[in-house]
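# Architecture at a glance
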Amino acid sequence: MAEKRNLDFCIECRKHTEYELRKVRYKEEVRGREYEFILTEAVCKECGERMHIPGLIDANIKEREEQYRRAEKESGEKAVEAADDGGAFGISGKMLVSIAYIFERMEEVTPLALQKLLYYIQGIYMALFGTEFFPEDCCAWQHGPVYEKVYFLFRDFKYNPIEDKRFALFAGRSDGLSDKERIAADLVIDCFGKYSGKALEMITHNEKPWMDARKGCGADEPSQKVVSKESMKEYFEGVFREYGIGSARGLDRYIEAKLGERAG
């Protein structure tokens, strides 16, 4: 029985020719990050040029999607494993469960919004219960308070939402929260979680803890200065006395007031 030949019309040769399928490596940028894909190409055996055969575009789309999902899953697993092992990321267990709870409660969150939600969870918890929620300190970066090791864990998403593939790696980790910790986290997620990361950044830029830590720094100047927990505790205790931020209504009033200050 004769072997089946791959035949199709070659634009360069202007006739039907035999082609062969090859695997070719391509580098493409997706959401600001470079990926390498191995895709199938049809190459004319006579002129060596690529041929556009039926069904190949759909096959390439499927190949990209499968390889992209696999790369994202592997990247997320490595990042979380490093954090769990106290390795390059060295994030505390309490910080991990805080992130997991935010992921559990919110359908979508960007790295910028995640940073600000963690900052407010820490501040609100200290105001309500007088002690820290997690041990990490945050730094006064240009775009507001930032927990540096959390930044490196999710920086590949830039201004895009952290994808579900990464969410899945945190599934079930929020069980470690106490009742008091859930109260503070729920208040922050319900009130601050309604706003974009940029809006939350604007609010932090008009709050004393970040402003004091940025003293002496230019607007776009990098800084590793720590926003001290003591300054956060003192500030949010004052906010508690003025606005009653132990309730969603009080916290909403505070947020509206701060956004109004920035608008003015």
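See above for the structure.
The following refers to the structure shown. As the structure is a prediction and not an experimental result, all values here were calculated from the model.

Reading the values: the criteria
Residues numbered from 1 in each chain as written. Predicted model: local features only at pLDDT ≥ 70, side-chain atom pairs only at ≥ 80, totals over all residues. Heavy atoms only, no water. Axes fitted to C-alpha atoms, helices over the stretch in contact; angles between N-to-C directions. Helix = DSSP H or I, 4+ residues; strand = E, 2+ residues; numbered from the N terminus. Parallel < 35°, antiparallel > 145°, perpendicular 65-115°, else oblique. Left-handed = near helix turned anticlockwise from the far one by under 90°. Contact = heavy atoms within 4.5 Å. Nonpolar A, V, L, I, M, F, W, Y, C, P; charged D, E, K, R; others polar. Pairing = 2+ DSSP bridges. Salt bridge = Lys/Arg side-chain N within 4 Å of Asp/Glu carboxyl O. Buried < 20%, exposed > 50% of the residue type's maximum accessible area, 1.4 Å probe, protein only.

## Here's the deal with the packing of helix 3 (residues 111-129) against helix 9 (residues 229-243)
- Their axes nearest at 8 Å, the elements helix 3 and helix 9 cross at an angle of 65°. Taken together, the axes of helix 3 and helix 9 lie roughly perpendicular to each other. Relative to helix 9, helix 3 is oriented so that their crossing is right-handed. Counted together, Y119, Y120, Q122, G123, I124, M126, A127 and L128 of helix 3 and K229, M232, K233, F236, E237 and F240 of helix 9 form the full contact between these two elements.
- In the contact of helix 3 with helix 9, the residues fall into nine nonpolar, two polar and three charged.

## Structural notes on the sheet that holds strand 5 (residues 138-141)
- Taken together, three strands build an open sheet; the order of strands is 6-5-7 and the sheet is antiparallel. In this open sheet, the two edge strands, each paired with only one partner strand, are strand 6 (144-146) and strand 7 (226-227).
- Pairing of strand 5 with strand 7, which is carried by two bridges, proceeds in the antiparallel orientation. Considered in strand 7, the bridge of C139 is made with V226.

## What to know about the pattern of salt bridges
- Overall, the coordinates contain 19 salt bridges when judged by the stated rule.
- Note that R50 is salt-bridged to E41, the shortest N-O span being 3.3 Å.
- Under the relative-accessibility criterion, R50 is labelled partly exposed at 49%.
- Residue class for E41 comes out buried when judged on its relative accessible area of 11%.
- Of the charged contacts in the structure, one is a salt bridge between K94 and E181, with a shortest N-O distance of 3.1 Å. Within this pair, whereas K94 is found in helix 2 (residues 93-105), its partner E181 is found in helix 6 (residues 179-191), the two being separated by 87 residues in sequence.
- What emerges from the salt-bridge pattern is a single network uniting R5, E18 and K45.

## Regarding the packing of helix 2 against helix 3
- At their nearest, the axes of helix 2 and helix 3 sit 11 Å apart, and the two run at 115° to each other. Both helix 2 and helix 3 take part in a crossing whose hand is right-handed. Facing M95, S98, I99, I102 and F103 of helix 2, the residues of helix 3 in contact are L114, L117, L118 and I121.
- Broken down by class, the residue content of the contact of helix 2 with helix 3 amounts to eight nonpolar, one polar and no charged.

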